[in-house]
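# Inside the fold
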Amino acid sequence: MKKIYILIMFFCLSSGFAQTKLKKADHLFKTMAYVDAAKAYEEYLKNVDKPGAQTIKNVADSYYYTDDNRNALKWYQKLYDIQGQTISDGYFLRYIQSLKGVMDYEKADRLTREFLNKKGDEKEIARFVNQKRQMDSLAKTKPLYTVKNLDINTNKSDFGTAFYGDKIVYASSKDTTKHGEKLYSWNKQPFLNLYLAERNVADGSLFNESLFLPNVMTKYHEATATFSPDWKTVYYTTNIVKDKKLIIDQSRTNNFQIIRGKIEEDKLVKTEKLFFNSDKYSVGHPSLSEDGKCLFFASDMPGGYGETDLYVVQIAEDGTMSTPQNLGPTVNTIGNELFPYFRNGTLYFSSDGHYGWGDLDVYESKFSGGLNFSVPRNLGAPINSNKDDFAYIVDATDTFGYVSSNRALGKGDDDIYYFTKVKPECDQFVSGKVINSKSKLAIDNAIIIAYDAFGDATNQTKTDANGNYIIKLPCGKKFKLVASKPNHSSEERTVETTKTNLEKVKDINFELSKFEDLIVVEKGQEKVDVNPIFFNYDKYDVTPEAAVELDKVVFVMKNFPNVKIKIESHTDSRGKDAYNMTLSDNRAKSTQMYIISKGIDASRIESAIGYGESRLTNKCSNGVKCTEEQHFKNRRSDFIIIQK
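What comes next concerns the included structure. (Residues numbered from 1 in each chain as written. Predicted model: local features only at pLDDT ≥ 70, side-chain atom pairs only at ≥ 80, totals over all residues. Heavy atoms only, no water.)

## Some thoughts on the overall build of the protein
- Assigned secondary structure in the protein consists of 11 helices and 37 strands.
- Scaling as 2.2 N^0.38, a compact globule of 644 residues should have a C-alpha radius of gyration of about 26 Å, whereas the protein reaches 40 Å, well beyond that.
- Judged by the C-alpha coordinates and their principal axes, the protein covers about 135 × 65 × 40 Å.
- A total of 644 residues make up the protein; the buried ones form 52% of that total.
- Taking the intrachain contacts of the protein between residues at least 6 apart in sequence as the baseline, contacts between residues at least 24 apart amount to 57%.
- Element-wise, carbon and sulfur atoms account for 51% of the exposed surface of the protein, whose accessible area totals about 31100 Å².
- In the protein, 89 positive and 86 negative side-chain charges are present, and the distance between their average locations comes to 2 Å. (Helix = DSSP H or I, 4+ residues; strand = E, 2+ residues; numbered from the N terminus. Rg over C-alpha atoms; globule rule 2.2 N^0.38 Å. Buried < 20%, exposed > 50% of the residue type's maximum accessible area, 1.4 Å probe, protein only. Contact = heavy atoms within 4.5 Å. Areas by Shrake-Rupley, 256 points an atom, 1.4 Å probe, with all protein chains shown as cover. Lys, Arg positive; Asp, Glu negative; His and termini not counted. Charge placed at Lys NZ, Arg CZ, Asp CG, Glu CD.)

Okay, here's the thing in structure tokens:
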């Protein structure tokens, strides 16, 4: 039911046909009786070896407009074989959509690249590249949506839902009780009416359907309704009718218009045509913003970018409307943009001109004020398929809604699908480098673990040969990153991710110390490598200068929890022996208490003993004249490793 989507509605009356097969087919095509036209062209073409380009176009379009992609492709391929890259933009787009309709995406992409390169349109090339990249990325991620076909669907066309309080209004051609004759020769289905259905909040199903506002339903098309925030005003799409008859121009085209009316006691009153309606073009698919101040719609009015474009008008409190404004080339293409729906600052719409899975796909575009919209993003499967997917609506919480589609395995021409939606995954990539604190060389195979606010490990990774790492973390949270490696110290950093998906947080770097770099070996003993511990004269309180060195011991013991030490403190030979013994012992115990105060378990310090001048390292004993430097070498504190 493709052309119902794209607004150009036609009404065809039976009449006498020309005698020749081609004229008969051309007449059927001209009167938009596409089902019969396709048959007539095929009958004619059986005995024609080289049909004209226009005949090929017509038979291809006849199949395309009735959603027969396989047969449409056969004839668009013949047209492309004849015209090559001189083919018009419109016919090339239908050719590509037909390829995608049979899921030949590789060929469609290859031909599109060739076509765009030939045209040299840098903006269109950029659009193609960006949207294809987004689609390729989307195909690799877990879908946000779950969809299901509804029992209310019939073997006819059911589509175009709208929220109406806690109920749903939708369009359907299922009512065949009024008209027994062929009504709509385009696809041989009855005309559309609007229906009202109750909604099961548990599973989204629709039931107890009935005609909506039956006092205004005509024998022609009524579809795609939208409502004011108080549900008292409705806008809907209908054929242009005068005195209960279709207004048909010379091409036998009957266009769409938008009607506005008030709902009082389940009846529509005070109806009016919008001022921008016209007999010469169609406007339809109205959709109000949540506050009722903006009306979006689709139209093929002159001055657009493609076959049908999206527009918006501002609505004042008294109902006065501004001049329609085209949403511009970021949203609109050379193809069809249809079924706008604006919710929570996002415009949803369907298009066959943007890069997609085939035919109409649903896209989203973020609104940033004025007429500024972001580059449209395809919603991906399962919302979209290789067929027409359209009329997307979602509730205010962005968790459920409805979409229409004529995809395979449906119940009828078009079906209504209920969907549920989960919040999109949002991840960021934190990266950095791990190096040796002494040599500044890269450390490979270092482990990076991310801990959340509860202390639970959420992810981990390792550094490569160059010491680089990258780790994926959820958006909008604070993490503690800990870098470690066997026989090395560990280090931690705090990282807070933002709420931008796939954003990169760089240069979260670490410096680790290797155990061997933190010790010295003297006379077969391993000791923590510290500078001399200074105390004030005749004192044993830990000075700030001494604390700096003692923190090195604390660092080793915290990073290597199996290490145990013993502390030995020494003096030079000057002063009385007994005094030096007592002073050194007090200093040893003072350093012990400092280390314990930093959170080191006392059991990991075997002893803290002062040896005074009893263990000199040189000849500078009592009575021996030595330099200050020689005496200095005897004033030392050793932190001897007895277990590691």
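## Brief notes about the sheet that holds strand β15 (residues 294-299)
- Strands sit in the order β14-β15-β16-β17 across an open sheet of 4 strands; the sheet is antiparallel. With one partner strand each, in any of the chains shown, β14 (283-288) and β17 (325-326) form the two edges of the open sheet.
- Across 2 bridges, strand β16 (residues 309-314) lies against β17 in antiparallel orientation. Its bridge partner lying in β17, V312 is registered against Q325. (Pairing = 2+ DSSP bridges.)

## Observations concerning unusual backbone geometry
- Residue A381 is joined to P382 through a cis peptide bond whose omega torsion reads 5°.
- One can find P382 in the loop between β21 (377-378) and β22 (389-394).
- Here K440, not a glycine, exhibits a phi torsion of approximately 65°, which is positive.
- Looking at the element boundaries, K440 is found in the loop between β25 (427-436) and β26 (447-451).
- Of note in this structure, N487 is not a glycine but carries a positive phi near 65°.
- Looking at the element boundaries, N487 is found in the loop between β29 (478-484) and β30 (491-496).

## Comments concerning the state of the cysteines
- A full pass over the atoms with the stated rule returns 2 disulfides.
- With its sulfur 1.9 Å from that of its partner, C426 forms a disulfide with C475. The sign of the S-S torsion, about -75°, decides the handedness of the disulfide formed by C426 and C475: left-handed. Within this pair, whereas C426 is found in the loop between β24 (415-421) and β25, its partner C475 is found in the loop between β28 (468-474) and β29, the two being separated by 49 residues in sequence.
- A sulfur-sulfur distance of 2.0 Å marks the disulfide that ties C620 to C626. Every disulfide takes its handedness from the sign of the S-S torsion; for C620 and C626 that torsion is -105°, giving left-handed. Of the two residues, C620 and C626, both sit in the buried class.
- For the protein, numbering the cysteines in disulfides from first to last along the sequence yields the connectivity 1-2, 3-4. (Disulfide = S-S within 2.5 Å.)

## Focus: the side chain of H488
- The topology assignment puts H488 in the loop between β29 and β30.
- One polar contact links the side chain of H488 to the main-chain carbonyl oxygen of P486, over a distance of 3.0 Å. (Polar contact = N/O pair within 3.5 Å; in protein donor to acceptor, adjacent residues only side chain to side chain.)

## Topic: helix α8 (residues 122-139)
- Given a rise of 1.5 Å per residue, 18 residues ought to cover 26 Å, and the 26 Å separating the end C-alpha atoms of α8 matches this to within 8%.
- Here the buried face of α8 lies against α7 (105-119) and β21. (Expected span 1.5 Å × (residues − 1).)

## Notes on the environment of D551
- Mapped onto the elements, D551 comes out in helix α9 (residues 544-559).
- Taking relative accessible area as the criterion, D551 reaches 35% and is therefore assigned partly exposed.
- In sequence terms D551 and I595 are 44 residues apart; their C-alpha atoms lie 7.7 Å from each other.
- In this structure D551 touches Y594 and K598, once residues within four positions along its chain are discounted.

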